[in-house]
Amino acid sequence: MVMGKGAGARRVMWESFVNMRHGVPKLDKILKEVQEHGFFRFDDMKATDCFSEVPSQLKDVQQKHKETLRAQTETLRVNTILIKEKVKVFQLVDRFAELTVISTVQDRALVEHELLARGRDHEGWREKHLRKELEKIRTDILFQITFYQNTSNSGSSAAVSGVAGIGKTTMVQKIVHNWATGKIYPHFQFVFSFKFRDLNAINDRINLRNLILDKYPSFGNILRELWKNPEGLLFIFDGLDKFKDTIDFADNRRNTEPQHRCTDPENWCEVSDIVYSLIQHKLLTGCSVLVTSRPTALHLLEKAEIRVWAEILGFVGEEWKEYFNKCFEDQTVAAAVIKHVEENGILYTMCYNPSYCWILGLSLGPFFTQANRKQQRVPKTITQLFSYYIYNILKNHGRKIESPRDVLLKLGEMAFTGVSMKKIVFRNEDLIKYNLQPCQFLSGFMMEVLKKVDSAQSVVYTFPHLTIQEFVAALAQFLTPDPGDILKFLREAHSKQDGRFELFLHFAAGLSSPRAARPLEEFLGKFLHQTTCRVIDWMKENVEEQIVNTESETGKRNLLNTLHYLFESQNNGLARTTLGSVETITFSGLALTPIDCAVLSHIIGLCDTIKHLNLQICSIQCEGLQRLAPALHKYQMLR
């Protein structure tokens, strides 16, 4: 009956069956038989089955557009500091590793640092993955008819969330490449992709027509033909969190005030008005829009007409090993790095994030390729890891800078302002304010992520990764000639409850360790002794305050954070001194991840006075127990 209702109905039926097949064994068997006998190939469902053909006058334009996109997306440019060249170019298909995407978005209001929060969530996802309970979606079905149950011609807007460095931009590149090569979304006749960080360079009013022509000039006067079939258009906007303007989807003035209304591709307005109007289906009604963002900017989309919400989890299974194998040409080095990471619980929990894997690979690789490096010096904390990351930049590119210490101090001050204000995009006026010259970035000392757009006044800068910004912000505290009242400064940062300073404080504690400081001091000179002493005093004060304040969940969380600071410092004497009189430690009711258990095992394992450890209802699971195992024999009572 359905087969007689036309191509559109047939396509929806088959898509529905394919989506249902895994939960219905009998249906799965039937579909396999259908495919085996050649009655129907689900992988080859063509756009022409249910969508109109591309008009003849647009076929050549479409073909040329696909060729352009294919050329733009077939290679992946990767910044590297292990070699003198700043960038290596790889084929996308050779470097791309599949990421796990789920069709839900976690809490949009985070009270913890987003990377640490996702790290905690990730342990639960990993368990679900092992039990085959994790529902994954493929990016090629984000705009599949049945996925968003579209019953009108109003198109679909989708939002894909993911923490910094998780692979949102690379995912967008893969989507565009797959469309251009005919692998996905055949029902879209044209795909236009933009990065918000590039749109930041547009300071004047513009219309959608010119916005497209600026990036895709080959369309010329043919765009008017495209407007006639908006259902065949997909617009992609990558990195909402990097956009200089705030788009308030709850603000009705955009619908009423003439200067903000954008209902025609020829209307001149702000870039934010164009993006707003496309997502809200006020402009080119029927087109589809994909927006990507970090969780920190998701609240902006709460009132938007988003039909599909998804989140990139990163590597959940063994994909991170595949990533390392692709990172290194020498597979013995890849195997050695993987082995070191697996044996180190702190570094292992970072491997869900491709960007962290990139930093791990760059920083750990030299330890297993140079014969004169001793294995016991391989980084084991995240502070040591990032110290060697910056060390490698200084080693390969720092000689081009007159005074690396002075530049890093100024850069760190700017980075700290960004951490304080949740700001990750910096303009030329920011550089001028901190007396920094752009050439210092372009030299390779700090990698410039954004390229020039029009003129020097239009360039914006960002750190290669949010965590690098936080590390440099912490490093600046040790380079300043006058530490001032750093104790007050650290207390205020620790008192913030939104998580923005959490990793910054991890790094501040970690840099008080001689082992983390030593490689950087080779290029930056000695760290200020008074600063190191005051950071240690702050950690001591924190432990003594928090150890007696574990009645509430907040108190337990604060104590756990403090133990993380102690671990980063690798100051065994301080741990023994501050915990030397403690007999009971309780984290009951607080979910602990394997990384928490590794920290707990290391710190408490140094102390002989602790007799009672309460871990009731902490969901530590098997891996958590394994991390705790080395210290468990010391307790008289373990709950």
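Residues numbered from 1 in each chain as written. Predicted model: local features only at pLDDT ≥ 70, side-chain atom pairs only at ≥ 80, totals over all residues. Heavy atoms only, no water.

A. Local environment of the overall build of the chain. Scanning the chain for helices and strands turns up 28 helices and 13 strands. Considering the chain as a whole, with its 639 residues, one finds that 57% of them fall into the buried category. Sequence-distant contacts in the chain: of pairs separated by 6 or more residues, those separated by 24 or more amount to 76%. For the chain, the accessible surface area stands at approximately 28,300 Å², while carbon and sulfur atoms represent 49% of it. (Helix = DSSP H or I, 4+ residues; strand = E, 2+ residues; numbered from the N terminus. Buried < 20%, exposed > 50% of the residue type's maximum accessible area, 1.4 Å probe, protein only. Contact = heavy atoms within 4.5 Å. Areas by Shrake-Rupley, 256 points an atom, 1.4 Å probe, with all protein chains shown as cover.)

B. A look at the packing of aromatic side chains. Taken as a whole and judged by the stated rule, the model has 32 aromatic pairs. A cation over a ring is seen here: Lys66 above Trp179, with NZ or CZ 4.9 Å from the ring centre. (Phe/Tyr/Trp six-rings, centres within 6.5 Å; stacked < 30°, edge-to-face > 60°. Lys NZ or Arg CZ within 6 Å of the ring centre and 35° of its normal.)

C. Highlighting the pairing of strand E5 (residues 190-195). Of all the six residues making up E5, five are buried; the element is thus mostly covered by neighbouring parts of the structure. Pairing geometry for E5 and strand E6 (residues 233-238), over six bridges, is parallel. Directly across from Val191, in E6, lies its bridge partner Leu234. (Pairing = 2+ DSSP bridges.)

D. The arrangement of the sheet that holds E5 in detail. Ordered by their spatial adjacency, six strands build an open sheet running E3-E8-E4-E7-E6-E5, and the pairing between neighbours is mixed. Two strands bound the open sheet, and with one partner strand each, they are strand E3 (100-102) and E5. Neighbour-to-neighbour, the strand axes of this sheet turn through a mean angle of 20°, independent of strand direction. As defined by bridge partners, E3 adjoins strand E8 (residues 308-314) across three bridges and the pair is classed as antiparallel. Along E8, the bridge assignment pairs Ile102 with Glu311. (Axes fitted to C-alpha atoms, helices over the stretch in contact; angles between N-to-C directions.)

E. Representation of the sheet that holds strand E13 (residues 637-638) in the model. Strand order across the open sheet formed by three strands is E11-E12-E13, with parallel pairing between neighbours. Here the strands that pair on one side only, and so sit at the sheet edges, are strand E11 (584-586) and E13. Where E11 and strand E12 (residues 612-614) come together, three bridges link them in parallel fashion. Within E12, the residue paired with Thr584 across the bridge is His612.

F. Just helix H12 (residues 319-327), in detail. Of the positions making up H12, those classed as buried are Glu319, Trp320, Tyr323 and Phe324. End-on view of H12: buried residues confined to an arc of 145°, all on one side of the axis. (Arc of directions from axis to C-beta.)

G. Examining the packing of helix H3 (residues 56-73) against helix H6 (residues 168-180) more closely. Contact geometry for H3 and H6: axes closest at 8 Å, N-to-C directions at 140°. For the element pair H3 / H6, the angle class is oblique. For the pair H3 and H6, the crossing hand works out as left-handed. Facing His65, Lys66, Leu69, Arg70 and Thr73 of H3, the residues of H6 in contact are Gln173, Val176, His177, Trp179 and Ala180. A class-by-class count of the residues in the contact of H3 with H6 yields four nonpolar, four polar and two charged. (Parallel < 35°, antiparallel > 145°, perpendicular 65-115°, else oblique. Left-handed = near helix turned anticlockwise from the far one by under 90°. Nonpolar A, V, L, I, M, F, W, Y, C, P; charged D, E, K, R; others polar.)

H. Region of interest: the pairing of strand E7 (residues 288-293). Of all six residues in E7, six are buried; the element is thus mostly enclosed. Of the two faces of E7, the one carrying Ser288, Leu290 and Thr292 and the one carrying Val289, Val291 and Ser293 are both buried. The pairing of strand E4 (residues 157-161) with E7 spans five bridges and is classified as parallel. If you follow Ala159 over to E7, its bridge partner there is Val291. Pairing analysis gives four bridges linking E6 to E7, with the strands arranged parallel. In the sheet register, Leu234 faces E7, and the bridge partner there is Ser288.

I. Representation of the environment of Gln62 in the model. On the secondary structure map, Gln62 appears in helix H3. Given a relative accessible area of 13%, Gln62 falls into the buried group. Separated by 128 residues in the primary sequence, Gln62 and Phe190 place their C-alpha atoms 6.9 Å from one another. When residues no more than four places from it in sequence are discounted, the contact partners of Gln62 are Val54, Gln189 and Phe190.

J. Structural detail: unusual backbone geometry. The backbone phi angle of Asn435 is positive, close to 55°, even though this residue is not glycine. Given the relative accessible area of 48%, Asn435 is considered partly exposed. Positioned with a positive phi, Ile617 is a non-glycine residue whose angle comes to about 55°. Mapping Ile617 onto the fold places it in the loop between E12 and helix H28 (621-632).

K. Examining the packing of helix H21 (residues 486-495) against helix H24 (residues 529-546) more closely. Closest axis-to-axis distance for the H21/H24 pair is 9 Å, and the angle between their directions is 45°. Regarding the angle of H21 to H24, the classification is oblique. Here H21 and H24 pass one another in a crossing that is right-handed. For the pair H21 and H24, the contacting residues are Ile486, Leu487, Leu490, Arg491 and His494 in the first and Thr531, Arg534, Val535, Asp537, Trp538, Glu541, Asn542 and Gln546 in the second. Split into classes, the residues belonging to the contact of H21 with H24 amount to five nonpolar, four polar and four charged.

L. Just the state of the cysteines, in detail. Inspection of every chain in the model, using the stated rule, returns zero disulfides. We note that Cys262 lacks a disulfide partner, and the nearest cysteine sulfur, in Cys269, lies 3.3 Å from it. Since its relative accessible area comes to 2%, Cys262 is described here as buried. (Disulfide = S-S within 2.5 Å.)

M. A look at the pattern of salt bridges. Per the stated rule, a full pass over the model turns up 13 salt bridges. Lys326 is the partner of Glu322 in a salt bridge, and the nearest nitrogen-oxygen pair spans 3.1 Å. With Glu322 and Lys326 both in helix H12 and four residues apart, this pair spans about one turn of that helix. With a closest N to O distance of 2.9 Å, Lys540 and Glu544 form a salt bridge. One end of the pair, Lys540, and the other, Glu544, are both in helix H24, four residues apart, so they sit about a helical turn from each other. Connected via shared salt-bridge partners are Glu318, Lys321 and Glu342. (Salt bridge = Lys/Arg side-chain N within 4 Å of Asp/Glu carboxyl O.)

N. Focus on the confidence of the model for the chain. In the predicted model, the chain carries a mean pLDDT of 81, and the fraction of residues at 70 or more is 82%. Low pLDDT, under 50, characterises residues 107-111; the predicted model gives this stretch twelve contacts beyond four residues in sequence or across chains. Note that residues 145-153 has pLDDT below 50 and, in this model, 25 contacts with residues that lie over four places away or in other chains. (pLDDT = per-residue confidence, 0-100.)

O. Examining helix H20 (residues 466-479) more closely. The first and last C-alpha atoms of H20 sit 20 Å apart over 14 residues, in line with the 20 Å expected at 1.5 Å per residue. For H20, the tally of buried residues reaches 14 of 14 residues, placing the bulk of the element in the interior. (Expected span 1.5 Å × (residues − 1).)

P. Representation of the side chain of Thr532. Structurally, Thr532 can be placed in helix H24. Thr532 gets classed as buried once you look at its relative accessible area, which sits at 16%. Each residue touching Thr532, except ones within four places of it in the same chain, is listed here: Phe478 and Ser512.

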